[in-house]
Amino acid sequence: MSPEPFSSSPVQILHNGVVCTGGAEPEVLNGNAVAWSGDRIVAVGPEAELNERFPGAARLDARGGMVLPGLINLHHHLYSAFARGLAPATPPRDFGQVLDGLWWRLDRALSPETVRLSALLGAADCIRWGCTTLFDHHASPTCIRGSLSTIAEALEEAGLSAVLCYEISDRNGHHEALAGLDENLEFIAGHQDHPSLRGTVGLHASFTVSDETLNAMAERRPEGCGCHVHVAEDRLDLQVSELAFGAAPVERLQRWGLLDERALLVHGIHLTAADRAVVADSCSVIVHCPESNANNGVGRLDVERVAAEGCTVALGTDGMSSAMLRSLRAAVLGQRAGRRDPAAGFAACPQLMTTNSTIARRFLDEPLLGEIEPGAPADLCVVDSPPPTPISADNLFGHLVYGASEAPVRHTIARGRVLLEDFRHMTLDPLAIAEEARRAAPGLWERFHAIDPARCDWLPT
Ligand SMILES: [Zn+2]
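Everything numeric here is computed off the predicted structure, so don't read it as measured data. (Residues numbered from 1 in each chain as written. Predicted model: local features only at pLDDT ≥ 70, side-chain atom pairs only at ≥ 80, totals over all residues.)

Q: Go over the packing of helix α2 (residues 95-109) against helix α15 (residues 430-450) with me, naming the residues and quoting the values.
A: Helix packing for two helices is described by the angle between their axes and how far apart those axes are. Look at α2 against α15: their axes get within 8 Å of each other, and the N-to-C directions meet at 125 degrees. Here α15 runs oblique to α2, going by the angle between their axes. Considering the relative orientation of α2 and α15, their crossing is right-handed. Across the interface between the two elements, R105, L106 and A109 from α2 touch L444, R447 and F448 from α15. Of the residues assigned to the contact of α2 with α15, the class counts are 4 nonpolar, no polar and 2 charged. (Axes fitted to C-alpha atoms, helices over the stretch in contact; angles between N-to-C directions. Helix = DSSP H or I, 4+ residues; strand = E, 2+ residues; numbered from the N terminus. Parallel < 35°, antiparallel > 145°, perpendicular 65-115°, else oblique. Left-handed = near helix turned anticlockwise from the far one by under 90°. Contact = placed C-beta atoms within 7 Å. Nonpolar A, V, L, I, M, F, W, Y, C, P; charged D, E, K, R; others polar.)

Q: Outline the domain arrangement of the protein, supporting the account with residue identities and numerical values.
A: According to the domain assignment, the protein contains domain 1 (11-70 + 370-425) and domain 2 (71-364). Here the C-alpha centroids of domain 1 and domain 2 sit 29 Å apart. Looking at the side of domain 1 that touches domain 2, the elements that each hand over two or more residues are β17 (380-383), α14 (396-402), β18 (409-414) and β19 (417-421). In terms of residue class, the side of domain 1 that touches domain 2 is made up of 12 nonpolar, 6 polar and 4 charged. (Domains from an automatic or database assignment.)

Q: Which residues make up the pairing of strand β9 (residues 131-138), and what values do they have?
A: Across the 8 residues of β9, 8 count as buried, placing the element largely inside the fold. Relative to β9, strand β8 (residues 71-76) runs parallel, the two sharing 4 bridges. Within β9, the residue paired with I72 across the bridge is T133. As paired elements, β9 and strand β10 (residues 161-168) share 6 bridges and run parallel to each other. Across the sheet, the residue bridging to H137 is C165, located in β10. Following the backbone out of β9, through helix α4 (residues 147-158) and into the adjacent parallel β10, one traces a crossover that is right-handed. (Buried ≥ 20, exposed ≤ 12 C-beta atoms within 10 Å, placed from the backbone. Pairing = 2+ DSSP bridges. Right-handed = clockwise from strand over helix to strand, strands pointing away.)

Q: Go over the sheet that holds strand β1 (residues 11-15) with me, naming the residues and quoting the values.
A: Overall, mixed pairing links the 4 strands, which are arranged β5-β4-β1-β6 in an open sheet. Two strands in the sheet have a free side with no partner beyond their single neighbour: β5 (40-46) and β6 (58-61). The mean angle between the axes of side-by-side strands here comes to 25 degrees, regardless of whether they run parallel or antiparallel. Across 4 bridges, β1 lies against β6 in parallel orientation. Across the sheet, L14 pairs through a bridge with L60, a residue of β6.

Next up, the structure:
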């Protein structure tokens, strides 16, 4: 028996879909509907039953599509939006040049206005792909102060939930690292009780963060606020960390007390077996970003191996896109390509999305986030992929990887607000945002090209 609605808001019913409940023991419910009121799901059950129970409820037709919990992205970079079509004068030869030739120039060229536009562009993409909760890792060194609030405002306008952080780095000087720390702490303090936005502390990667900065962070970081950091994305992280600080990244993070169940260690490709044992023991989370790893040519995380070793593995996009189901498909294909095994991927990859829910619940204090059941936040998406063959909990993952990951999203609902209805955005105007962004891009790119990549002298030659 489902509880009665928790609020007096009108009830809406999403019907005519295949409801995939998510959660630790996902169910696939054919012929079921989902009802919500305010920002909560109030009932899941046979359509006729819900119609009888909530007469007069507004109805939204899923048109046979797959109804999933709103997707969750554990690692995004909204600020990367203006990189599309941008060509550094010299093509990068290695990961160091990807950083100092592209990303560390782009982030320094950002202005408050282009931070806002980046966030809106990324938010529209998230909605388009059914993502309702994202963890963003932001950098805009020439406008650090207030940048997280700018992003938060854009996400509130869009209707998305998020955990935000500023990526602290000494790469442009210690004063900027401290300004990044201040920005994180201010945002965390201002959003402790916010219903859909929270902060955590971000670090770029341990190899661009000095011991002095880690000391300041450890002293000032509120207990239990977590940390979001790139780790072992490329061998460069380990090499520079050893050279500059005499310790491996994981060793440094551990020394400063940053490894716990709210530590999001993004990539983790080049962690040693000893590192992975520390990560597993500390319950820290490795966030896998397969499309980004392929794009940067940095190597490939063996998800099945690290999961078998006891590491918790989650999934992100690293700014490559906002399409989580495509990232999931890339994770499976990467396992198969890497292992040269056509059966690989189905052992550990189904767990990735469940882990994303588990982690997001911790940060947002929402014990049922990522699950379709009464009491959970009304975060839903309908993928326009009516199953062409029988579907059940047993073969759901195959339907996701080979069908849903390639299909557009028809409806996106977040905290009860319909953000996308029949492919049409309801909270943002993506065309107008893109037009505004195209007007802002030439100025941003001009600033980008005026920044000398050689100024980023942090990396060894
Ligand atoms: Zn990243």
